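Structure at a glance
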Amino acid sequence: MQFKRRENLKPSEKLLVLVGSKNPVKISCTEDAFTQAFNRSFLVEGIHAFSGVPDQPVGDEQTLLGAKNRAQNSRGVFPEANFWVGIEGGVDEDAHGMFAFAWIYILGKNGRKGQAKTGCFYLPKKVADLVKNGMELGKADDLIFERENSKLSGGSVGILTKGVVNRSAYYEQAIILALIPFLNENIY
């Protein structure tokens, strides 16, 4: 069985992708992921979009809801776009400690939806303790690692991997995975 790629559009037609965030990392990785996935260029813009969840979501349910809300609220603000993307970072705990992850949620103009989760990584106890006490992960990282606005650059994953995996690369793969239903419309 051969799979057809989505979009019968001319390569010159620019499609608009709205990201439910003004964070430059989230905008840039979305552009890179869409460009790689579809092998074409996109106009990608970020807008402020309400997540409807706490600043630091806890658990899959709350984090995915934040990503969905960002995508849906972006569509509400500018329904003329072709795609709307919500990216929401979250934390959770298990017997080994607190870990971080993110959910990606994508809406398409045709009503199609896609979602995917990044890989998870464990946080140092000092950072986890601050997050447990109500501090957002990015602010905890800044305090512990003596950074400023680290979530606008490499983020926790960049700090902890010493730059081997930065926040953009971390999100990019999950965005591409969330695009699978759009890349394979004939089977989704």
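The name an unreviewed UniProt entry gives the protein is Probable inosine/xanthosine triphosphatase, with Algoriphagus taiwanensis as the organism. The heading Function (unreviewed entry) in the UniProt record of the protein holds the text "Phosphatase that hydrolyzes non-canonical purine nucleotides such as XTP and ITP to their respective diphosphate derivatives. Probably excludes non-canonical purines from DNA/RNA precursor pool, thus preventing their incorporation into DNA/RNA and avoiding chromosomal lesions." Taken verbatim from the UniProt record of the protein, the Subunit (unreviewed entry) comment is "Homodimer."

**Section: the overall build of the protein**
Per the secondary structure count, the protein includes 7 helices and 6 strands. Reading the secondary structure of the protein in the N-to-C direction produces β-α-β-α-β-β-β-β-α-α-α-α-α. Relative to the 2.2 N^0.38 estimate, which gives 16 Å for 188 residues, the radius of gyration of the protein is 17 Å and therefore close to what a compact globule would have. Across its three principal axes, the protein shows a C-alpha extent of roughly 50 × 35 × 30 Å.

**Here's the deal with the UniProt feature "binding site: substrate" (unreviewed entry) in the protein**
Mapped onto this numbering, the UniProt entry annotates "binding site: substrate" (unreviewed entry) at E80 and A81. In this structure, E80 sits in the loop between α2 (59-77) and β3 (83-94). Position of A81 among the secondary structure elements: in the loop between α2 and β3. You can call A81 buried: its relative accessible area is 0%. When sequence neighbours within four positions are dropped, the list of residues in contact with A81 reads L16, L18 and K109.

**Some thoughts on the packing of aromatic side chains**
Per the stated rule, a full pass over the model turns up 11 aromatic pairs. An aromatic cluster of at least three residues, connected via ring pairs, comprises F34, F38, F42, F83 and F182. The ring of F42 carries R40 above its face, with NZ or CZ at 5.7 Å from the centroid. If you follow K117 out to its NZ or CZ, it ends over the ring of F101, 4.5 Å from the centre.

**As for the pattern of salt bridges**
Taken as a whole and judged by the stated rule, the model has 6 salt bridges. Notably, a salt bridge pairs D60 with K117, separated by 2.8 Å at the nearest N-O pair. In this pair, D60 is assigned in helix α2 and K117 in strand β5 (residues 113-117), connecting sequence segments 57 residues apart. Judged by relative accessible area, D60 falls into the partly exposed class, the value being 32%. One salt bridge connects E93 with K132, and the closest N-O pair in it is separated by 3.3 Å. Residue E93 is located in strand β3, and its partner K132 is located in helix α3 (residues 125-132); the two are separated by 39 residues in the primary sequence. On the basis of relative accessible area, E93 is assigned to the partly exposed category, the value being 42%. For K132, a relative accessible area of 49% translates into the label partly exposed.

**A look at the side chain of Q56**
Residue position: Q56 is located in the loop between β2 (42-46) and α2. With relative accessibility at 15%, the residue Q56 sits in the buried group. Of the polar contacts made by the side chain of Q56, one reaches the backbone nitrogen of L137; its length is 2.8 Å. The residues touching Q56, leaving out its near neighbours within four places in the chain, are Q62, G89, G90, V91, V131, M135, E136 and L137.

**Things to note about the packing of helix α1 (residues 24-38) against helix α6 (residues 167-178)**
Where α1 contacts α6, the axes come no closer than 8 Å and their chain directions differ by 45°. When the interaxial angle is binned, α1 and α6 end up oblique. By crossing handedness, the relation of α1 to α6 is classed as right-handed. Counted together, V25, K26, C29, T30, D32, A33, F34 and Q36 of α1 and R167, S168, Y171, E172, I175 and I176 of α6 form the full contact between these two elements. The residue makeup of the contact of α1 with α6, split by class, is 7 nonpolar, 3 polar and 4 charged.

Reading guide: rules and limits
- Just so you know, the residues in each chain are numbered from 1, in the order the chain's sequence is written.
- Where totals are concerned, whole chains, interfaces and linings use all residues; where local detail is concerned, this predicted model gives features only for residues with pLDDT of at least 70, and gives and counts side-chain atom pairs only at 80 or more.
- Side-chain calculation: all heavy atoms of the structure are included, whereas hydrogens and water are not.
- UniProt positions are given in the numbering used here, feature names are shortened, and annotations may be inferred rather than shown by experiment.
- Under the DSSP-based scheme used, a helix requires at least four consecutive residues in state H or I and a strand at least two consecutive residues in state E, with every element numbered from the N terminus.
- When we talk radius of gyration, it's over C-alpha atoms, and the globule rule is simply 2.2 Å times the number of residues to the 0.38.
- Buried, partly exposed and exposed residues are distinguished by accessible area as a fraction of the type maximum, computed with a 1.4 Å probe on protein chains only: under 20%, between the cut-offs, and over 50%, respectively.
- Here a residue-residue contact requires only that any non-hydrogen atoms of the pair lie within 4.5 Å.
- Any two rings among Phe, Tyr and Trp, with Trp reduced to its six-membered ring, count as a pair given centres within 6.5 Å; such a pair is stacked if its planes are under 30 degrees apart, edge-to-face if over 60, and tilted if neither.
- Ring-over charges, as used throughout, are those where CZ of Arg or NZ of Lys falls within 6 Å of the ring centre and within 35 degrees of the ring normal.
- Salt-bridge detection follows one rule: a side-chain nitrogen of Lys or Arg within 4 Å of a carboxyl oxygen of Asp or Glu.
- Here a polar contact is recorded for every N or O atom pair within 3.5 Å, except that within protein the pair must consist of a potential hydrogen donor and a potential acceptor, and residues adjacent in sequence are included only if both atoms are side-chain atoms.
- For every element, the axis is a line fit to its C-alpha atoms; helices are fit only across the contacting stretch, and the angle between N-to-C directions ranges from 0 to 180 degrees.
- For classification purposes, an angle smaller than 35 degrees is called roughly parallel, one larger than 145 roughly antiparallel, one from 65 to 115 roughly perpendicular, and anything else oblique.
- Take the far helix as your reference; a near helix turned counterclockwise from it by less than a right angle gives a left-handed crossing, and one turned clockwise gives a right-handed crossing.
- Only Asp, Glu, Lys and Arg are considered charged in this grouping, and only Ala, Val, Leu, Ile, Met, Phe, Trp, Tyr, Cys and Pro are considered nonpolar; every other residue, Gly among them, is considered polar.

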